[in-house]
Amino acid sequence: RLCWPRSMPQTRLPDGSPEIKVSFTPHLMPMARGMQTTCYVKLRGGASLEDVRSALARNYADEPFVHVLGEGEVPHTRHVRGSNHCMMAVFADRIPGRVILVSVIDNLVKGASGQALQNMNLMLGFDETTGLMQIPMFP
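Residues numbered from 1 in each chain as written. Predicted model: local features only at pLDDT ≥ 70, side-chain atom pairs only at ≥ 80, totals over all residues. Heavy atoms only, no water.

J.: Please explain the overall build of the protein as it appears in this structure.
T.: Each helix and strand in the protein was counted, giving two helices and five strands. Ordered by position in the sequence, the α and β elements of the protein form the string β-β-α-β-β-β-α. When the 139 residues of the protein are sorted by exposure, 30% land in the buried category. Within the structure as shown, the protein displays about 9200 Å² of accessible surface, and the carbon and sulfur contribution to it stands at 58%. (Helix = DSSP H or I, 4+ residues; strand = E, 2+ residues; numbered from the N terminus. Buried < 20%, exposed > 50% of the residue type's maximum accessible area, 1.4 Å probe, protein only. Areas by Shrake-Rupley, 256 points an atom, 1.4 Å probe, with all protein chains shown as cover.)

J.: Sorry, what's going on with the confidence of the model for the protein here?
T.: Should the pLDDT be low somewhere, the predicted coordinates at that spot are not to be read in detail. Of all residues in the protein, 77% have pLDDT values of 70 or greater, and the mean over the chain is 82. The least confident element of the protein is strand β1 (residues 22-27), whose mean pLDDT is 64; the most confident is strand β3 (residues 66-68), at 96. (pLDDT = per-residue confidence, 0-100.)

J.: I would appreciate a short explanation of the pattern of salt bridges in the present structure.
T.: Side chains that differ in charge, positive against negative, can pair when their charged atoms come close. One pass over the structure, following the stated rule, counts two salt bridges. A salt bridge links E50 to R53; its shortest N-O distance comes to 2.6 Å. With E50 and R53 both in helix α1 (residues 49-60) and three residues apart, this pair spans about one turn of that helix. Among the ionic pairs, R98 bridges to D93, the shortest N-O distance being 2.7 Å. Classification of R98 by relative accessible area gives partly exposed; the value is 25%. (Salt bridge = Lys/Arg side-chain N within 4 Å of Asp/Glu carboxyl O.)

J.: Got a minute to help me understand the nonpolar core in this structure?
T.: One recurring pattern in soluble globular proteins is that nonpolar side chains are buried together. If you look at the biggest cluster of nonpolar residues, it comprises 11 residues: C39, V41, L43, L56, V66, C86, M88, V90, V99, L101 and I105. The set of elements that each furnish at least two residues to this core consists of β2 (35-42), β4 (86-92) and β5 (98-105). In this view, L101 contacts T37, T38, C39, L56, M88, A89 and V90; residues no more than four positions away in its chain are not counted. L69, V80, A89 and V104 belong to the second-largest nonpolar core, a separate cluster that totals five residues. (Core = buried A, V, L, I, M, F, W, Y, C linked by side-chain atoms within 4.5 Å. Contact = heavy atoms within 4.5 Å.)

J.: Looking at this structure, how should I read helix α2 (residues 109-123)?
T.: One turn of an α-helix holds 3.6 residues; hence residues three or four places apart share an orientation. Q115 marks where α2 bends most, by close to 45°. Along α2, the positions that sit buried rather than exposed are V109, K110, G114, Q118 and N121. Where α2 ends, the next residue or the one after it, G125, has phi of about 80°, a positive value. (Bend = angle between axes of the 7 residues up to and from the residue.)

J.: It is not clear to me how the environment of E71 should be interpreted in this structure. Could you clarify?
T.: The topology assignment puts E71 in the loop between β3 and β4. Exposure remark for E71: the relative accessible area of 69% places this residue in the exposed category. In this structure the C-alpha to C-alpha distance between E71 and A89, which are 18 residues apart in sequence, comes to 7.7 Å.

J.: How do you make sense of the pairing of β4 when you look at a structure like this?
T.: A regular strand carries its side chains on alternate faces of the sheet. Taking burial as the measure, the seven residues of β4 include five buried ones, the bulk of the element. When β3 meets β4, the two strands line up parallel, connected through three bridges. By the bridge assignment, V68 is partnered in β4 with M88. Alignment of β4 against β5, held across seven bridges, turns out to be antiparallel. Residue M88 lies in a different strand from β5, and its bridge partner there is S103. What sits between β4 and β5 in their antiparallel hairpin is a turn of five residues, with G97 showing a positive phi close to 85°. (Pairing = 2+ DSSP bridges.)

J.: Quick question: what am I supposed to make of the environment of G34 here?
T.: As for its placement among the helices and strands, G34 is situated in the loop between β1 and β2. Each C-alpha atom, one on G34 and one on N107, is 5.0 Å from the other, the two residues being 73 residues apart in sequence. If we ignore the near neighbours within four places in the chain, the residues touching G34 are T77, I105, D106 and N107.

Put into structure tokens, the structure is as follows:
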């Protein structure tokens, strides 16, 4: 169904808050592996691009596999290829009152197998990064 993709439930806030509306746009591009996602976020209550970037940086500061990039840095799938990492950045939208969140993952690792291993580590009381910090391989 075009208007309700399978990924939409993942875009809701954990507390179910309806205060943030998100447009979700996955991209399929000619590359060896990886996935780039673009989300358009409508700002409310006088929030700014920097407020969003700061909130993301605070929220993911202790997450070993999530990296919020600084102003002007663009995430590319080549930066995460063969790894369990997710990189994201926030940009101004041409539409006032909105920002664009771009994220990249290696969908063969972070998208499935790496995420399963990360979850198993947490469930069994192992360090979250066990078996996931290897040097990425090509392609």
